[in-house]
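Listed here are the chains, written in short residue letters.
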Amino acid sequence: MIGALQKLLQTLFLRVEGLFNAAFGDRINPFYHLGAITFFLFWIIGGSGLYLYVFFETGVAEAYSSVVALSTRQWWLGGILRSIHRYASDAMVLTMVLHMLRYFAFNLYHGFRWFSWITGVLLIWMVYASGINGYMLPWDQLAQYVTVASFEWLDWLPLFSGSLMRNFLYTDHVGARFFTLLSFLHLGLPLVVLMVMWIHVQRVPKARTTPPQPIVIGLLASLLVLALVAPVYSQGGPVDLAHAITSVELDWFYMAVFPLLSQWPLGRVWALVVGASVLVALLPWWPPKLRRSAAPQHQVLVQGEQGAQGARSTIAVRADETILDAGLRHGLALPYECRNGACGLCLCTVEQGSFEHRPYQKSALSDADRASGKALMCCAVPKGDMAIEVAGFTGAEARQQQIHTATVTALQRLAPDVMRVVLQLPPGQRLAYVAGQYINILLEDGQRRAFSFANRPGASDDIELHVRLVPGGRFTTHVFEAMRVGDVLRFEGPLGQFTLRDGSQPILFVAGATGFAPIKSIVEDAFARGVQRPMRLYWGVRQPGDLYQIDLCRQWQREHGNFEVIPVVSDAQPGDGWTGRTGLVHQAMLHDHPDLSGHEVYLCGSVRMVETAVPEFVAQGLDENFCFSDAFVTTAHAAPPAQSA
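For the structure given in this document, a descriptive report is provided here.

How each quantity is defined
Residues numbered from 1 in each chain as written. Predicted model: local features only at pLDDT ≥ 70, side-chain atom pairs only at ≥ 80, totals over all residues. Heavy atoms only, no water. Helix = DSSP H or I, 4+ residues; strand = E, 2+ residues; numbered from the N terminus. Buried < 20%, exposed > 50% of the residue type's maximum accessible area, 1.4 Å probe, protein only. Contact = heavy atoms within 4.5 Å. Areas by Shrake-Rupley, 256 points an atom, 1.4 Å probe, with all protein chains shown as cover. Expected span 1.5 Å × (residues − 1). Patch = residues over 30% accessible without salt bridge, like charges linked within 9 Å, V, L, I, M, F, W, Y side chains within 5 Å. Salt bridge = Lys/Arg side-chain N within 4 Å of Asp/Glu carboxyl O. Pairing = 2+ DSSP bridges. Axes fitted to C-alpha atoms, helices over the stretch in contact; angles between N-to-C directions. Parallel < 35°, antiparallel > 145°, perpendicular 65-115°, else oblique. Left-handed = near helix turned anticlockwise from the far one by under 90°. Core = buried A, V, L, I, M, F, W, Y, C linked by side-chain atoms within 4.5 Å. Arc of directions from axis to C-beta. Disulfide = S-S within 2.5 Å. Nonpolar A, V, L, I, M, F, W, Y, C, P; charged D, E, K, R; others polar.

## Brief notes about the overall build of the chain
Helices and strands together make up the secondary structure of the chain, namely 18 helices and 20 strands. Structurally, the chain occupies a C-alpha span of about 100 × 65 × 50 Å along its principal axes. For the chain, buried positions account for 49% of its 645 residues. For the chain, contacts bridging at least 24 residues in sequence account for 72% of all contacts bridging at least 6. Within the structure as shown, the chain displays about 30900 Å² of accessible surface, and the carbon and sulfur contribution to it stands at 59%.

Printed below as a string of structure tokens:
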């Protein structure tokens with residue numbers, strides 16, 4: 001029963017998350033940041049609540065009028081903040097429930113995760129208590145309904161035995177001391193909630209408590225629009241205990257159980273709420289095991305590519321723990337982003353051992369990659385001792401990616417839609433990178449645009465980028481229309497694992513358009529290091545004018561006997577005078593090399609190009625272990641390049 005429900009929920013989550021990934025990219029998919037969004041909503045609720053409390057009168061006679069004054073005389077701020085306070089509270093319930101439901105769907109609550117699960121259940125009920133208490137303070141008809149129903153429900157407990165409801169027989173029975181107690185609870189409960197939230201994330205390695213900036217902006221904008229389109233007002237007049245409330249508009253996020261209080265015996269409602277809470281809280285121990293033993297820990301050897309000396313570390317992985325979580329808990333600098341099987345950055349090669357692979361997006365790990373021994377560290381749970389290989393792993397401890405600043409020192413049009421951008425770091429600074437890596441340019445709102453190094457390491461302290469104009473592209477349009485020498489850019493990096501491997505096989509480079517940039521860096525670095533392996537570059541573009549540095553490639557060909565360039569044009573026109581190769585660049589390479597066994601292939605271009613070419617390369621004899629690709633997304637919300645080997 002539980003397994004079938006989990007399978008259904010997994011399917012629903014994966015499909016919805018896939019749609020969000022297609023629309024926004026995995027980096028800002030809200031389903032991968034539900035916990036961080038909940039934290040951010042808490043700060044919105046707290047900030048708006050503090051402002052409202054400044055103008056709120058805690059006296060029974062003054063409470064209603066002070067709230068009405070906030071919504072009418074201060075509609076431009078107090079009214080808007082009151083609405084934002086309400087809608088953010090509803091959203092917090094929604095994100096918490098979705099967060100918990102997702103963990104249930106993907107079975108992420110057993111073993112050592114019991115602590116986070118239990119504190120999560122506790123948090124939900126504390127948030128409910130705080131929210132319901134908040135509905136009592138405006139002292140309108142909704143507050144009367146919520147207060148009377150809540151205390152009548154509490155009075156069923158033997159602890160109170162009807163003593164609470166005596167305070168609500170007449171209006172004058174509710175004194176200032178009682179109302180001050182309600183106000184104090186609404187201040188004290190959120191502080192306890194914050195403390196439990198902090199405790200809740202302590203056992204989650206590298207837990208994020210702040211969502212990406214685009215999500216922050218989107219949340220604030222959505223709450224503001226809701227506050228303006230559907231402002232929140234008090235319901236009816238002030239509390240009048242002499243008249244029973246017969247009709248109110250309920251907030252179903254907080255008050256779904258309240259209609260049962262008038263339809264069911266109160267004891268049955270208690271049984272439903274307490275019973276459901278206990279069942280949910282005990283899920284980490286269900287189904288019960290006939291024989292319990294200490295949960296085994298497995299040893300996982302994490303090493304860099306080809307067992308690079310020093311790039312190795314052994315970590316202990318707890319039962320039901322993923323390799324990524326264990327690595328982050330041990331402080332290893334492992335590549336990752338979404339932590340939910342969507343971005344593909346935590347790809348590894350399993351050299352030894354068996355594991356369980358949790359559900360993931362097919363775009364992050366193809367069936368062919370999985371069949372060849374690849375896995376996503378964020379989804380792989382060891383069943384025994386393992387050894388894995390992680391591209392780019394150096395054995396270093398995890399650290400936050402350093403943010404650099406650089407000045408634009410040169411802008412040169414290499415083609416009508418390609419700009420050479422040269423960046424210079426501050427005096428005395430030098431960036432250590434490997435040929436083929438990239439940097440993320442940071443925009444003002446925190447979004448990133450990825451560009452590969454186009455110059456080889458050590459040639460100079462400058463950074464050379466090749467920026468292709470993307471119609472409607474936010475950053476690329478700025479480069480071509482507004483960027484000037486002297487502008488300052490912020491970036492993070494170096495990043496990526498699209499780098500030349502040591503070996504003896506002949507090398508085939510396949511570049512699409514500005515995919516030439518990282519290959520230029522790799523080739524120049526290979527020349528500087530004296531690499532003598534045969535290298536052949538197939539450079540594919542639409543029109544001959546897009547071969548913006550073909551003369552440089554031909555110079556390499558003249559000066560280095562182990563290098564050859566083959567330009568390929570896919571859309572040559574009669575007036576172009578093109579007499580070279582035509583068609584798709586990867587097909588030109590396949591035509592020249594019907595048997596790719598014994599070769600290394602480095603492919604850089606669009607996602608569509610990479611997804612089309614790689615299976616054809618493998619079908620023509622290429623060993624998957626010697627196929628390295630760097631796919632880039634040319635959209636207004638471009639994600640970092642997705643490296644795969």
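## Overview of helix H15 (residues 516–528)
Counted at 1.5 Å a residue, the expected span for H15 with its 13 residues is 18 Å, and the 18 Å between its end C-alpha atoms agrees. For H15, a buried count of 12 out of 13 residues is recorded, marking the element as mostly surrounded by other parts of the structure. Listed as buried for H15 are Phe-516, Ala-517, Pro-518, Ile-519, Lys-520, Ser-521, Ile-522, Val-523, Glu-524, Asp-525, Ala-526 and Phe-527. Positioned one or two residues after H15, Gly-530 has a phi angle of 75°, which is positive.

## Details of a nonpolar patch on the surface
On the surface, Trp-114, Val-274, Val-278, Leu-282 and Trp-285 cluster together into a nonpolar patch covering about 440 Å² of accessible area. Turning to its location among the elements, Val-274 is positioned in helix H11 (residues 266–281).

## Let's talk about the sheet that holds strand E1 (residues 298–303)
Pairing is mixed in the open sheet, where 5 strands are placed in the order E2-E1-E7-E3-E5. Of all the strands in the sheet, just strand E2 (312–317) and strand E5 (374–376) have a single pairing partner and so form its edges. The mean inter-strand angle of the sheet, taken between neighbouring strand axes irrespective of direction, is 35°. Relative to strand E7 (residues 386–389), strand E3 (residues 347–352) runs antiparallel, the two being bridged by 3 bridges. Pairing of Thr-349 across the sheet is with Glu-389, part of E7.

## Topic: the pattern of salt bridges
Should their charged atoms come close, side chains of opposite charge can pair. The tally for this structure, following the rule as stated, stands at 20 salt bridges. One salt bridge connects Asp-90 with Arg-86, and the closest N-O pair in it is separated by 3.1 Å. Linking Asp-90 with Arg-86, this pair stays in helix H4 (residues 75–105), spanning 4 residues, or about one helical turn. Residue classification places Arg-86 among the partly exposed positions, given a relative accessible area of 25%. A single network of salt bridges, built from pairs that share partners, joins Arg-420, Glu-464, Lys-520 and Glu-524.

## Some thoughts on the sheet that holds strand E13 (residues 488–495)
Strand order in the open sheet made by the 6 strands is E11-E10-E13-E8-E9-E12, with antiparallel pairing throughout. Taken across any chain shown, the strands that pair with only one partner, and hence form the sheet edges, are strand E11 (448–452) and strand E12 (462–468). Going across the sheet, the axis of each strand differs from the next one's by a mean of 40°, ignoring polarity. In this sheet, E12 lies alongside strand E9 (residues 418–424) in antiparallel orientation, the contact comprising 7 bridges. Within E12, the residue paired with Gln-424 across the bridge is Asp-462. Sitting on the sheet, helix H14 (residues 474–481) is in contact with strand E8 (403–415), E9, strand E10 (438–442), E11, E12 and E13, with an inclination near 105° to E12.

## So, the pairing of E11
With 4 of 5 residues buried, E11 is to be regarded as a mostly interior element. Across 5 bridges, the pairing between E10 and E11 is antiparallel. Across the sheet, residue Leu-442 finds its bridge partner in E11, namely Arg-448.

## Regarding the environment of Glu-616
For Glu-616, the position within the fold is in helix H18 (residues 607–619). Accessibility expressed as a relative area gives 30% for Glu-616, which makes it partly exposed. Filtering out sequence-adjacent residues up to four positions away, Glu-616 remains in contact with His-586, Gln-587 and Leu-590.

## A look at the packing of helix H2 (residues 34–55) against H4
Any two packed helices are characterised by how steeply their axes cross, that is the angle between the axes, and by the distance between the axes. Orientation of H2 relative to H4, taken along the N-to-C sense of each, is 155°, at an axis distance of 8 Å. Comparing their axes, H4 and H2 come out roughly antiparallel. The handedness of the crossing between H2 and H4 comes out as left-handed.

## Focus on the nonpolar core
Among the nonpolar cores identified, the biggest contains 81 residues, and Leu-41, Met-92, Trp-139, Val-146, Met-255 and Phe-258 are the most heavily contacted of them. Of all the elements, H4 adds the most residues to this core, at 11 residues. In contact with Met-92, not counting residues within four places along its chain, are Thr-38, Leu-41, Phe-42, Ile-45, Val-127 and Met-197. In terms of nonpolar packing, the next biggest core, distinct from the first, is built from 31 residues, Val-531, Tyr-548, Phe-563 and Tyr-602 among them.

## Some thoughts on the side chain of Ser-116
Structurally, the position occupied by Ser-116 is in helix H5 (residues 114–134). The buried category is assigned to Ser-116, whose relative accessible area is 17%. For Ser-116, the contacting residues outside a window of four places in its chain are His-200 and Val-204.

## Quick word on helix H16 (residues 550–559)
Those residues of H16 that sit buried are Ile-550, Cys-553 and Trp-556. The buried residues of H16 occupy an angular sector of 110° when projected down its axis, which confines them to one face. Seen from the buried face of H16, the exposed residues on the opposite side, beyond 90 degrees, are Asp-551, Arg-558 and Glu-559.

## Considerations on the state of the cysteines
Tallied over the entire structure, the rule returns 0 disulfides. Take Cys-338: it sits in no disulfide, and the sulfur closest to it among the cysteines is that of Cys-343, at 3.8 Å. The cysteine Cys-627 is free of any disulfide, with Cys-604 supplying the nearest cysteine sulfur at 12 Å.

## Observations concerning the packing of H4 against helix H8 (residues 213–229)
Their axes nearest at 9 Å, the elements H4 and H8 cross at an angle of 120°. In this view, H4 runs oblique relative to H8, as classed from their interaxial angle. Considering how the two elements wind past one another, H4 and H8 form a crossing that is right-handed. Residues Ile-80, Ser-83, Ile-84, Tyr-87 and Ala-88 of H4 touch H8, and the partners they reach there are Leu-223, Leu-224, Leu-226, Ala-227 and Leu-228. Tallied by class, the residues present in the contact of H4 with H8 amount to 9 nonpolar, 1 polar and no charged.

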